[in-house]
Protein chains: 2
Amino acid sequence: MALQINIDKKLPLRHTCPMKEIVRRSTRRIYLGEVPIGGAAPISIQSMLSVKTSNLPAAELQIRELVSAGCDIIRFSVQDLEDAKAIRELKKVSKAPLVADIHFDYRLALASISAGIDGLRINPGNIGKVEGIQALVAAAKERLIPIRIGVNSGSLPTDLVQKYGVSAQAMVEAALSHIHILEDLNYQEIKVSVKASSIPLVLESYRKLSQLCDYPLHLGVTEAGTMMRGSIKSAIALGILLEEGIGDTIRVSLTSDPVKEIVVAKEILVSIGMRQGLSIISCPTCGRTRIDLIRLTEAVELALADYADKPLTIAVMGCAVNGPGEAREADFGIAGGKGEGLLFAKGEIIKKVPEESLVKELLSLVEENFGLS
Amino acid sequence: MALQINIDKKLPLRHTCPMKEIVRRSTRRIYLGEVPIGGAAPISIQSMLSVKTSNLPAAELQIRELVSAGCDIIRFSVQDLEDAKAIRELKKVSKAPLVADIHFDYRLALASISAGIDGLRINPGNIGKVEGIQALVAAAKERLIPIRIGVNSGSLPTDLVQKYGVSAQAMVEAALSHIHILEDLNYQEIKVSVKASSIPLVLESYRKLSQLCDYPLHLGVTEAGTMMRGSIKSAIALGILLEEGIGDTIRVSLTSDPVKEIVVAKEILVSIGMRQGLSIISCPTCGRTRIDLIRLTEAVELALADYADKPLTIAVMGCAVNGPGEAREADFGIAGGKGEGLLFAKGEIIKKVPEESLVKELLSLVEENFGLS
């Protein structure tokens, strides 16, 4: 079957979309190690170790995997002094700044600071003793260690829940009370999160909070779920907030390998145009498709995994007749036919290729133009 | 190891979140078969057959699968008279209304109407002949067959692209010019889509269009990609628009099995609170987890597949100490420990259960309370 190509060759290459810029809320700038957060810094991506921190071989491996996947900031829980001691070793391995997640015990926070931690997540209101809070802030101040106040709908203070229910008002008042403790000690290296598993609650809490303070915000949906459900919920909540200009650093929480959290987080940022990166568009199979498009697209995803950070749009189209034209916005693409397909760039056909060579030819084309150095 | 439970039993059960209601844009109401679209009707979910329409055994099977997954409206491409003739048979099988997707040829539209189709997707401006458009509208009018005008960034009219680039302005002007053709023939059973694969372009196009007409809008991101990338992109774009009150019916386009499109679409609607349904929350694994949480959560997802439409929140938590408390908003849940776990309801512990019986016990509890009839 001869391929019929239906492209208007005279069409000028004027495919820019004069799009509304996302106006980001203006926030204070803090630094986690050398990673800036807030004050118009690029949105950074975080994840958390899923292994015991003091299990050094496992923790070091996961840190390496996360950094290589593009994780900007790595958090882990510090439950005991063993975990705090491990920080010194983990710092040697990690190219990303490290954050210790601590519940209640300010001594673990002090030990983490001594061991060289870059940031803390601890809620000062939960520490109890005034001297504990003072000691913590004094130590943090000395090295300008930022503290994340992390409010979670599942562990709100009882009095606030009794007054307001589990609501945005309770979330925000909880956050502000922790903030005031640090401000009263004249410390403002703060970022704040108000996470929940309910999307409407997440949205309302962050929107309210963003009007009441100018600290950088760490966005996340807690207990979001498995890869499938969790990515959808995170994409909705983070997508909505980021598009409104709210949010300075993000974590996608998944019941899955932490590396997948980075993949999903990157995809969210690239999709809304807040980070450059590989974008793969592919049409759904339909009655016109004469090629195994699902397998073809997955093969392209795999082949281009190393190009995740390149500002590159690739199209995988099922239909040679309309494919190249419909995917004019893509830098490069392939369109499947019956046994053979087309290789194209910016909607212009380059050549016909046998079906089995489509992915290889596409990869060559990408390598020529965006070759990894 | 004894489990330490840390729940404040005196906490009153006041867990409602007085959340901002989504105020939906007011649109005209149309009907696809008996499914209402627009005018405050529930958001309906669409998908499209991935097989040739005239391949009856394959098409009928896919229709049954889609309906059983919860698809409200089913579209397929009508490329020739064989496809149009198949409609009569497919109507006998389908509990959902059927939409014929037609490019250019109004005679295929007429044949589809004769064969009993419930809706059409055809752009009147692309038909060419005035008599063709008139014949189409006359036939549609007789049975009030709604017409979807489907503008796609990949196939915009050349003159608009030359004037505005591939932009929201071009998308919206294209849509309006098709709309005006139908309005001039005094036909308003219309819904409209302005799809693109770029999320910023999708957002700007639908936002603009929603201010310029009150026809119901069909939301979608074209060429969104595979299950992973496609769900994320669709979740962001549809989530943002729906939360703004824009959109009356949705399609998630995936390079995947169409049934997965329904699963993702449902998850989006349930997540933003626009449809009742099963919500499974599960914490990410962390250094505190002593159980294979990923496998456990996936087992729960599978076990509860039949409850997808029940207004039910289930929690799967990795940590028996904080789990039940953090998941107070869930109707039922399990929390894993070391070899054993907890079964809980609304944050209250019901009993300790051996790890291997957790899913079975949870399922029994759900069956007792939400038993399928």
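Draft legend 1. Spatial organisation of the overall build of chain A. Scanning chain A from N- to C-terminus turns up twelve helices and 15 strands. Along the first, second and third principal axes, the C-alpha atoms of chain A reach 80 × 45 × 30 Å. For chain A, with 373 residues in total, the buried portion stands at 60%. Pairs at least 24 residues apart make up 64% of the contacts formed inside chain A by residues separated by at least 6 positions. Total accessible area on chain A stands at roughly 14,300 Å², and carbon and sulfur atoms take up 51% of it. Separation between the mean location of the 43 positive side-chain charges and that of the 44 negative ones in chain A comes to 1 Å.

Draft legend 2. Expanded view of the nonpolar core. Within the largest apolar cluster, 169 residues are counted, with the highest numbers of intra-cluster contacts made by Leu 120 of chain A together with Leu 120 of chain B. If we skip the residues at most four places from it in the chain, Leu 120 of chain A touches Val 99, Ala 100, Ile 102, Ala 109, Ser 112, Ile 113, Leu 136, Ile 145, Pro 146, Ile 147 and Arg 148 of chain A. Formed by 31 residues, the second largest nonpolar core is a distinct cluster that contains Leu 296, Ile 314, Ala 335 and Leu 358 of chain B.

Draft legend 3. Just the pairing of strand S11 (residues 278–282) of chain A, in detail. Residue and element names in this part refer to chain A. The buried fraction of S11 amounts to five of the five residues, a majority that puts the element mostly inside the structure. Residues of S11 alternate between two faces, with Leu 278, Ile 280 and Ser 282 on one and Ser 279 and Ile 281 on the opposite face, all of them buried. Two strands pair when backbone bridges link them, and S11 and strand S12 (residues 312–317) are joined in this way by five bridges, in the parallel orientation. By the bridge assignment, Ser 282 is partnered in S12 with Val 316. In this view, the connection linking S11 to its parallel neighbour S12 by way of helix H10 (residues 293–303) has left-handed handedness.

Draft legend 4. Structural context of the pattern of salt bridges. Residue and element names in this part refer to chain B. Across all of its chains, the model carries 42 salt bridges over all chains by this definition. Between Arg 121 and Asp 101 there is a salt bridge, with its nearest N and O atoms 3.4 Å apart. Remark: Asp 101 occurs in strand S5 (residues 98–101) and Arg 121 occurs in strand S6 (residues 119–121); sequence separation between them is 20 residues. Across this residue pair, the class does not change: Arg 121 and Asp 101 are buried. With a closest N to O distance of 2.5 Å, Glu 244 and Arg 207 form a salt bridge. Taken as a pair, Glu 244 in the loop between helix H8 (227–243) and strand S10 (249–251) and Arg 207 in helix H7 (residues 199–212) lie far apart in primary sequence, 37 residues in all.

Draft legend 5. Here's a closer look at the interface of chain B and chain A. Contact with chain B, which involves 88 residues of that partner, is made by 88 residues of chain A. Across the interface of chain B and chain A, roughly 7,400 Å² is buried in total on both sides, 56% from carbon and sulfur atoms. Taken together, the connections running from chain B to chain A amount to six salt bridges. For the salt bridge of Glu 243 of chain A with Arg 207 of chain B, the shortest nitrogen-to-oxygen distance reads 2.8 Å. At the junction of chain B and chain A, the tally comes to 17 residue pairs in polar contact (both at pLDDT 80 or more). Secondary-structure elements contributing two or more residues to the side of chain B that touches chain A are helix H5 (158–164), H7, H8, helix H9 (258–271), strand S11 (278–282), helix H10 (293–303) and helix H11 (323–326) of chain B. Considering each element in turn, the side of chain B that touches chain A owes the most residues, eleven residues, to H8 of chain B. When grouped by side-chain class, the residues that make up the side of chain B that touches chain A number 36 nonpolar, 30 polar and 22 charged.

Draft legend 6. The arrangement of the packing of helix H3 (residues 106–114) of chain A against helix H4 (residues 130–143) of chain A in detail. Residues and elements named next belong to chain A. Viewed as axis vectors pointing N to C, H3 and H4 meet at an angle of 15 degrees, and their least axial separation amounts to 9 Å. Taken together, the axis directions place H3 and H4 in an arrangement best described as roughly parallel. In this structure, H3 meets H4 at a crossing whose hand is left-handed. Contacts from Tyr 106, Ala 109, Leu 110 and Ile 113 of H3 reach H4 at Gly 132, Ala 135, Leu 136, Ala 139, Ala 140 and Arg 143. Residue classes in the contact of H3 with H4 are distributed as eight nonpolar, one polar and one charged.

Draft legend 7. Expanded view of the sheet that holds S11 of chain B. Residues and elements named next belong to chain B. Spatial strand order, S11-S12-S13-S14-S15: five strands in an open sheet with mixed pairing. Looking along the sheet, the strands with just one partner apiece sit at the ends: S11 and strand S15 (348–354). In this sheet, adjacent strand axes meet at a mean angle of 20 degrees when their direction is disregarded. Two elements, strand S12 (residues 312–317) and strand S13 (residues 332–336), share four bridges in a ladder whose sense is parallel. Within S13, the position partnered with Ala 315 by the bridge is Gly 333.

Rules of the game
- Residues numbered from 1 in each chain as written.
- Chains lettered and ligands numbered in written order.
- Predicted model: local features only at pLDDT ≥ 70, side-chain atom pairs only at ≥ 80, totals over all residues.
- Heavy atoms only, no water.
- Helix = DSSP H or I, 4+ residues; strand = E, 2+ residues; numbered from the N terminus.
- Buried < 20%, exposed > 50% of the residue type's maximum accessible area, 1.4 Å probe, protein only.
- Contact = heavy atoms within 4.5 Å.
- Areas by Shrake-Rupley, 256 points an atom, 1.4 Å probe, with all protein chains shown as cover.
- Lys, Arg positive; Asp, Glu negative; His and termini not counted.
- Charge placed at Lys NZ, Arg CZ, Asp CG, Glu CD.
- Core = buried A, V, L, I, M, F, W, Y, C linked by side-chain atoms within 4.5 Å.
- Pairing = 2+ DSSP bridges.
- Right-handed = clockwise from strand over helix to strand, strands pointing away.
- Salt bridge = Lys/Arg side-chain N within 4 Å of Asp/Glu carboxyl O.
- Buried area = accessible area lost by both parts, 1.4 Å probe.
- Polar contact = N/O pair within 3.5 Å; in protein donor to acceptor, adjacent residues only side chain to side chain.
- Nonpolar A, V, L, I, M, F, W, Y, C, P; charged D, E, K, R; others polar.
- Axes fitted to C-alpha atoms, helices over the stretch in contact; angles between N-to-C directions.
- Parallel < 35°, antiparallel > 145°, perpendicular 65-115°, else oblique.
- Left-handed = near helix turned anticlockwise from the far one by under 90°.

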